[in-house]
Amino acid sequence: MQKALHYTNLLPPSASAGGSAIPPPGDNQSGGEFVPGAVNLRKIVADNAVVVFARKGCCMCHVVKLLLNGHGVNPTVIDVDDHNEGDVTDQLSRIVGAAPQFPAVFVGGELFGGLEQVMGAHISGELVPRLREARALWL
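Remember, it's a predicted structure, so these values are computed and weren't measured experimentally.

Basis of the calculations
Note on numbering: residues in each chain are counted from 1, in written sequence order. Since the coordinates come from a predicted model, pLDDT governs what is reported: local features require at least 70, and pairs of side-chain atoms require 80 or more to be given and counted, while whole-chain, interface and lining totals use all residues. Heavy atoms from the whole structure form the basis of all side-chain values; hydrogens and water molecules are not counted. Note on conventions: DSSP H or I runs of at least 4 residues are helices, E runs of at least 2 residues are strands, and numbering of each starts at the N terminus. To get an axis, fit a line to the C-alpha atoms, keeping to the stretch in contact for a helix; angles then go from 0 to 180 degrees between the N-to-C directions. Handedness of each helix crossing follows the sense of rotation of the near helix against the far helix: counterclockwise by less than a right angle gives left-handed, clockwise gives right-handed. It only takes one pair of heavy atoms within 4.5 Å for two residues to be counted as in contact. Each residue gets one of three labels, nonpolar for Ala, Val, Leu, Ile, Met, Phe, Trp, Tyr, Cys and Pro, charged for Asp, Glu, Lys and Arg, and polar for the others, Gly among them. Definition used in this section: a nonpolar core is a set of buried Ala, Val, Leu, Ile, Met, Phe, Trp, Tyr and Cys residues joined via side-chain atoms within 4.5 Å. Burial classes follow relative accessibility: with a 1.4 Å probe on protein chains only, a residue under 20% of its type's maximum area counts as buried, one over 50% as exposed, and anything between as partly exposed. Any carboxyl oxygen of Asp or Glu within 4 Å of a side-chain nitrogen of Lys or Arg constitutes a salt bridge here. Two strands make a pair as long as DSSP finds a minimum of two bridges between them. What pLDDT expresses is the predictor's confidence in each residue, scored from 0 to 100.

Quick word on unusual backbone geometry
- Cis geometry marks the peptide bond from Phe102 to Pro103, where omega comes out at 5 degrees.
- Inspection of the secondary structure assignment puts Pro103 in the loop between helix H4 (85-96) and strand E4 (104-107).
- You will see that Arg135, though not glycine, has its phi angle at about 65 degrees, which is positive.
- Among the secondary structure elements, Arg135 is positioned in the segment after helix H6 (127-133).

If you want it as structure tokens, here you go:
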């Protein structure tokens, strides 16, 4: 089974020791540039075929992870909790242009959607081709 990456485990030691890893909204860092000491979620999304941003203990997030695992996909899972939800939501809203809801599933570097979109694509038969296109499936 996949190993979930807790958001705070992605922070460099200096950022998780006390300082905020995410710059204030007014900074010029919203263009996707690397911010020293910050977790670059844009890079994580771009570098992995499937990324799931999941709230810890959320049943809908669990269903999405089980569905993807059932297809043989090993997604990168970022666990979001109450302490880091604001930071993650801010960065994801910069990536997609709107505040996402959890679970947020990215396939091939683009927002695929949440549970409803993933289940709808699964039922209609569109999920597997999309996963193949993103090179998350090899069959």
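Re the packing of helix H3 (residues 59-70) against helix H5 (residues 115-124)
- Orientation of H3 relative to H5, taken along the N-to-C sense of each, is 30 degrees, at an axis distance of 10 Å. Every pair of crossing elements has a handedness; the one defined by H3 and H5 is left-handed. In contact with Met60, Val63, Val64 and Leu67 of H3, H5 contributes Leu115, Val118, Met119 and His122.
- Classifying every residue of the contact of H3 with H5 gives seven nonpolar, one polar and no charged.

Examining the nonpolar core
- Of all hydrophobic cores here, the largest spans 33 residues; its most connected members are Val50, Val52, Phe53, Leu68, Val105 and Leu131.
- Looking at which element gives the most residues to this core, the answer is strand E2 (residues 50-55), with five residues.
- Those residues within four positions of Leu68 in sequence are excluded, and the remaining contacts are Val50, Val52, Val73, Pro75, Val105 and Leu131.

With respect to the pattern of salt bridges
- A full pass over the atoms with the stated rule returns three salt bridges.
- Among the ionic pairs, Glu85 bridges to Arg55, the shortest N-O distance being 2.8 Å. Separated by 30 residues along the polypeptide, Glu85 in helix H4 and Arg55 in strand E2 bring together distant segments of the chain.
- The exposure class of Arg55 is partly exposed, given its relative accessible area of 28%.
- With a closest N to O distance of 3.7 Å, Glu110 and Arg130 form a salt bridge. Here the residue Glu110 occupies a position in strand E5 (residues 110-113), and Arg130 occupies one in helix H6, the gap between them amounting to 20 residues.
- By relative accessible area, which is 27% here, Arg130 ends up partly exposed.

Considering the pairing of E5
- Direction of pairing for E4 relative to E5: antiparallel, over a ladder of three bridges. Its bridge partner being in E5, Val107 is matched across the sheet by Glu110.
- The loop that links E4 with its antiparallel partner E5 comprises two residues; one of these, Gly108, has a positive phi angle of about 65 degrees.

Let's talk about the confidence of the model for the protein chain
- A residue-level look at the protein chain finds 72% of positions with pLDDT of 70 or above and a mean pLDDT of 79.
- The least confident element of the protein chain is helix H1 (residues 13-16), whose mean pLDDT is 44; the most confident is H5, at 95.
- The low-confidence segment residues 12-37, where pLDDT is below 50, has 26 contacts with residues more than four positions distant or belonging to other chains.

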